[in-house]
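Chain by chain, the residues:
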Amino acid sequence: MTRPGLSPEQRIFYDDNGYILLKSFLSAGEAAALRAEVHAIAARQGPTNATWSSVAGQGTALEHSHDVQFRSAAFTRLLVDERLTAAFTSLIGPNVQLHHNKMFIKPPERGSPFPMHQDWGYFPHKGNSMTAAILHLDAAPDEKGCVRVYPGSHKLGPLKAFGQDHHVDPDEFPLSAAVPVEADAGDLLIFNYLLVHGSGLNVSNEPRTTWLVQVRDPEDEPTSEQHQSRGQGMMLAGIDPRGKSFQFAWESAASSS
Ligand SMILES: O=C(O)CCC(=O)C(=O)O
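Structural notes, computed from the coordinates. Note that the coordinates shown come from a computational prediction; the quantities given were computed from them, not determined experimentally.

So, on to the overall build of the protein chain. Broken down by element type, the protein chain carries 5 helices and 11 strands. The C-alpha atoms of the protein chain give a radius of gyration of 18 Å, which matches the 18 Å a tight globule of 257 residues would have. Based on the C-alpha atoms only, the size of the protein chain along its principal axes is roughly 50 × 45 × 40 Å. Buried residues in the protein chain amount to 53% of all 257 residues. Both charge centroids of the protein chain, one from 21 positive and one from 29 negative side chains, sit 4 Å from each other.

In the neighbourhood of the ligand, the contacting residues comprise K102, F104, F114, H117, D119, V147, H197, S199, R208 and L212. Take H197: an N or O atom from its side chain is 3.0 Å from an oxygen atom of the ligand. Between an oxygen atom of the ligand and a side-chain N or O atom of R208, the distance comes to 2.7 Å. Surface burial for the ligand is 97%, taken as the share of its 300 Å² of free accessible area covered by protein chains.

A separate point is empty space enclosed by the protein. Following the criterion strictly, the structure yields 1 cavity of 30 Å³ or more and no others. Lining the largest cavity are F25, L26, L78, D81, L84, L135, L188 and W211. When grouped by side-chain class, the residues that make up the lining of the largest cavity number 7 nonpolar, no polar and 1 charged.

Our focus in this paragraph is the sheet that holds strand 4 (residues 114-117). Backbone-to-backbone hydrogen bonds pair the strands of a sheet. The strands run either parallel or antiparallel. Pairing in this open sheet of 4 strands is antiparallel, and the strands run 4-9-6-7 from one edge to the other. Two strands close off the open sheet at either side, each with one partner strand: strand 4 and strand 7 (179-180). Looking at chain direction, strand 6 (residues 147-149) and strand 9 (residues 197-199) are connected through 3 bridges and run antiparallel. From the neighbouring strand, R148 faces strand 9, where its bridge partner is G198.

Turning next to the layout of surface pockets. Quantified by volume, the largest pocket comes out at close to 380 Å³. What lines the largest pocket is a set of 22 residues, and nearest its centre among them are W52, K102, F104, F114 and H117. Contributions of two or more residues to the lining of the largest pocket are made by strand 2 (63-66), strand 3 (96-106), strand 4, strand 9 and strand 10 (208-216). When residues in the lining of the largest pocket are grouped by element, the largest group, 4 residues, is from strand 10.

Rules behind the numbers
Residues numbered from 1 in each chain as written. Predicted model: local features only at pLDDT ≥ 70, side-chain atom pairs only at ≥ 80, totals over all residues. Heavy atoms only, no water. Helix = DSSP H or I, 4+ residues; strand = E, 2+ residues; numbered from the N terminus. Rg over C-alpha atoms; globule rule 2.2 N^0.38 Å. Buried < 20%, exposed > 50% of the residue type's maximum accessible area, 1.4 Å probe, protein only. Lys, Arg positive; Asp, Glu negative; His and termini not counted. Charge placed at Lys NZ, Arg CZ, Asp CG, Glu CD. Near = heavy atom within 4 Å. Polar contact = N/O pair within 3.5 Å; in protein donor to acceptor, adjacent residues only side chain to side chain. Areas by Shrake-Rupley, 256 points an atom, 1.4 Å probe, with all protein chains shown as cover. 1 Å grid on protein atoms, 1.4 Å probe; cavity = no way out; pocket = protein on both sides within 12 Å on 5 of 7 lines; lining within 4 Å. Points joined across faces, edges and corners; volume = space filled by probe spheres on them. Nonpolar A, V, L, I, M, F, W, Y, C, P; charged D, E, K, R; others polar. Pairing = 2+ DSSP bridges.

Spelled out as structure tokens, the structure:
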């Protein structure tokens, strides 16, 4: 069965706002199964804390893993799930290439916030095709530190970024004034990497569990290679039309030496 991707109305909303929340993208059962996988990975790997440096040292925590498909095949299957790839192809074209993916658990009562930022600062590309999707594996109401966005901010282009977290000016883009995108288990939030976004503290008594994937058009070249990952370059939909095969920066350095 051909998957529809975004409707014309959803596409208009996305183009205007830089993001869209697709409700019930996965069933509650599918979300629950993936949530269990994420929590099992976290239990196997032991404690982690990916709290950003600009908000570290305040007793908060953020469990995470990169390259989740190397930890559980459920995420290999998810990467090429036609519902996901159809959503991406309707935004960036027929060819969709994996950049990276990661999981996050914001633990109860002390789940770290993400300062407001654009992902652009982490992995700038010439064509700005880079697109993120956050799959919610349990409910993310505001008190759990749901994602907050500045609708339309993707149209501002790259903004001045501060520190190693690349956060934007907190006076201009305070977390408190951003729009909370509350979500239920199974909802998918898709956004362009120029959208100003972040999220607050999890002050609830339950974890907030998410999986995040970033993809691009394979013809969209990075302006600097600063965020590579295992699995990067995998085609999730379509083909890589370039004559050359995908290479990490370290591979080209090795072949020219
Ligand atoms: O999960 C969140 O609340 C935001 C994650 C995020 O913005 C990021 O990883 O860049």
